[in-house]
Amino acid sequence: MTATTDRGAWGSRLGFILAAAGSAVGLGNIWGFPTQVGRGGGAVFVLVYLVCVALICLPIMIAEIAIGRRAQKDPVSAFAVIKPGSPWWAVGALGVMAGVGILSFYAVIAGWTIAYIWFTGSGVVHGSQEAIGAFFTDFTANGPATVLLTLLVLAMTAAAIIGGVRDGIERVTKALMPMLILLLIVLALRAVTLPGAAAGLDYYLRPDFSRLFDVSVLNAALGQAFFSLSLGMGAMITYGSYLPKRVGIAAAAMWVVFLDTSIALLAGFIIFPSGFSIEGFDPGASGPGLIFAVLPRLFATLPGGHLFGAAFFIMLFMAALTSTVSLLEVPVAYLIDSHRWTRRRAVITVAAVTFVLSIPSALGNGAIAFFGQLPVVGMDFLSLMATVWNNFALPVGGLFIALFVGWVWRIDGALAELLAEQAWFPGARVWGFLIRYVCPVAIFLIIVFTIQGLF
Ligand code: PHE
């Protein structure tokens, strides 16, 4: 099977790793991970997260890329190419919906980061912890501003992929990733040397083992790992479909997982030490506002802090943009491959639909100011979307992907793709075992117990 010319392809192995890492590294690492650690009780969440990444997500990352490269198609057609005439295409369809659903709240948060480039750079957000927190609440309650910023994010995402996925992303990510890592290291070094930082490190690194088998922690960690690694919805199937045969999948996947996980862990080394250096800090209390409440205080402790703040939010926004691009690319690839739409029409249509869906999330905090939390579910709309898609849709997608590769395509079929051209893959048999047994069983149990816990 050859790729049609308008599908495009990555330029090189590094190009693919950068693009996939660009998809993975984003708000999930720097906004999502600390927020979830704060909700999930600190180090115990980190521990469970790392186990999920190693035993469940890395194998599924390899499986998704293999499906994509084998089929050279969007996620919906990919299942149909490997198993024609079966209902497995529905897993791809779930992924297409997840792409739109996740993008609809992700673009809202990415919009907040644009505003914070200005807020931190110009110094309008400052003062006591209460003032900084109130600033965030007031800003996110400003409906017209948050809706417009969301529109701006979606328009930029659409503009970035209208000409194809390849050029822009490879180039942007190549420059961005080293700068982002460097800045995070500088901020982490400052944070851990603040007075009071030790309590933050303790919270972040010393697990409270009594919560180890708390299903809500397991479910949150699993969902966060899928979200952060862009798994369970076909983003990696789509990116894998642009991957040349000569590139080894397993090694590339390991690089992506390593980069993504390191950056998330680094974000924790910034947020918790600086959070705990603030009197009366409660890591679980700020929800989606956590980093926006903690970081301005950290910047204030640095010489030239405004510049640090602006640089940080510029990079966070760029990292978010390489992720929104991959979210939008899944439904777009589906419309191009399966329905023969032009790229332009697909991009504009999906972006427009996503914008309409994003409005309740964009207004969410404004609505809370008036009505309080959503009555039944006890959270704002944006958090509700994040929970539904991240904690349920993505792991369920991953469960079916593991079942498909392990039992339908089968390990030997997948290994033919994974070991093509003598690719490096020492743990191939272990991988097969994880995909067939460990991933499906673990995800299934976590989802079932979580649903049971809701009643
Ligand atoms: N992984 C991205 C992040 O952490 C979000 C994302 C999820 C992107 C799913 C694509 C698919 O920010």
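Residues numbered from 1 in each chain as written. Predicted model: local features only at pLDDT ≥ 70, side-chain atom pairs only at ≥ 80, totals over all residues. Heavy atoms only, no water.

Engineer: Before we go on, may I ask you to explain the overall build of the chain in this structure?
Structural biologist: Check the secondary structure of the chain and you find 17 helices and 0 strands. Taken over C-alpha atoms, the radius of gyration comes to 21 Å for the chain, in line with the 23 Å a tight globule of 455 residues would show. For the chain, the spread of C-alpha atoms along the principal axes amounts to about 60 × 50 × 45 Å. Residue pairs at least 24 apart in sequence account for 84% of intrachain contacts in the chain once pairs closer than 6 positions are excluded. Carbon together with sulfur atoms contributes 71% to the accessible area of the chain, which is approximately 17,500 Å² in total. (Helix = DSSP H or I, 4+ residues; strand = E, 2+ residues; numbered from the N terminus. Rg over C-alpha atoms; globule rule 2.2 N^0.38 Å. Contact = heavy atoms within 4.5 Å. Areas by Shrake-Rupley, 256 points an atom, 1.4 Å probe, with all protein chains shown as cover.)

Engineer: Help me understand the packing of helix H6 (residues 129–140) against helix H13 (residues 290–300), please; the structure alone is not making it clear to me.
Structural biologist: Any two packed helices are characterised by how steeply their axes cross, that is the angle between the axes, and by the distance between the axes. Across the interface, H6 lies against H13 with an axial gap of 9 Å and an inter-helix angle of 135°. One element, H6, and the other, H13, form an angle in the oblique class. You can see that H6 and H13 cross each other, and the crossing is right-handed. Along its contact with H6, which presents Gln129, Ile132 and Phe136, the element H13 presents Phe292, Ala293, Val294, Pro296 and Arg297. The class makeup of the residues in the contact of H6 with H13 is 6 nonpolar, 1 polar and 1 charged. (Axes fitted to C-alpha atoms, helices over the stretch in contact; angles between N-to-C directions. Parallel < 35°, antiparallel > 145°, perpendicular 65-115°, else oblique. Left-handed = near helix turned anticlockwise from the far one by under 90°. Nonpolar A, V, L, I, M, F, W, Y, C, P; charged D, E, K, R; others polar.)

Engineer: Is there a simple way to think about the side chain of Ser323 in this case?
Structural biologist: Inspection of the secondary structure assignment puts Ser323 in helix H14 (residues 305–339). Classification of Ser323 by relative accessible area gives buried; the value is 3%. Ignoring sequence-local partners within four residues, the contact set of Ser323 consists of Gly22, Ser23, Val25, Gly26 and Tyr106. (Buried < 20%, exposed > 50% of the residue type's maximum accessible area, 1.4 Å probe, protein only.)

Engineer: How should the environment of Phe449 be read in this particular structure?
Structural biologist: Structurally, the position occupied by Phe449 is in helix H17 (residues 428–453). Considered as a pair, Phe449 and Asp214 are 235 residues apart in the sequence and their alpha carbons are 10.0 Å apart.

Engineer: Looking at this structure, how should I read helix H3 (residues 43–71)?
Structural biologist: The periodicity of an α-helix, 3.6 residues per turn, causes residues three or four places apart in sequence to face the same way. For H3, built from 29 residues, the straight-helix expectation of 42 Å at 1.5 Å per residue is met to within 8% by its first-to-last C-alpha distance of 40 Å. At Val53, H3 shows its strongest bend, of approximately 40°. Backbone geometry just after H3 places Gln72 at a positive phi near 55°. (Expected span 1.5 Å × (residues − 1). Bend = angle between axes of the 7 residues up to and from the residue.)

Engineer: Before we go on, may I ask you to explain a nonpolar patch on the surface in this structure?
Structural biologist: Among the surface-exposed residues, Val441, Phe444, Leu445, Val448 and Phe449 lie close enough to one another that they form a single nonpolar patch of about 440 Å² accessible area. Residue Leu445 is classed as partly exposed on the basis of its relative accessible area, which comes to 40%. (Patch = residues over 30% accessible without salt bridge, like charges linked within 9 Å, V, L, I, M, F, W, Y side chains within 5 Å. Salt bridge = Lys/Arg side-chain N within 4 Å of Asp/Glu carboxyl O.)

Engineer: Hey, could you run me through the environment of Arg211 in this one?
Structural biologist: Checked against the element boundaries, Arg211 lands in the loop between helix H9 (197–205) and helix H10 (215–228). Considered as a pair, Arg211 and Met179 are 32 residues apart in the sequence and their alpha carbons are 36 Å apart. Those residues in contact with Arg211, other than ones at most four positions away along the chain, are Arg39, Gly40, Gly41, Val44 and Val217.

Engineer: Would you take a moment to explain the site of the ligand for this structure?
Structural biologist: Lining the immediate environment of the ligand, one finds 14 residues, of which Ala24, Gly28, Tyr106, Phe227 and Ser230 sit closest. Between a nitrogen atom of the ligand and a main-chain N or O atom of Phe227, the distance comes to 2.8 Å. Protein contacts shield 100% of the accessible area of the ligand, which totals 320 Å² for the unbound molecule. At the level of secondary structure, the elements contributing two or more residues to the shell around the ligand comprise helix H1 (13–24), helix H2 (27–39), H10 and H14. For the shell around the ligand, the class distribution of residues is 6 nonpolar, 8 polar and no charged. (Near = heavy atom within 4 Å. Polar contact = N/O pair within 3.5 Å; in protein donor to acceptor, adjacent residues only side chain to side chain.)

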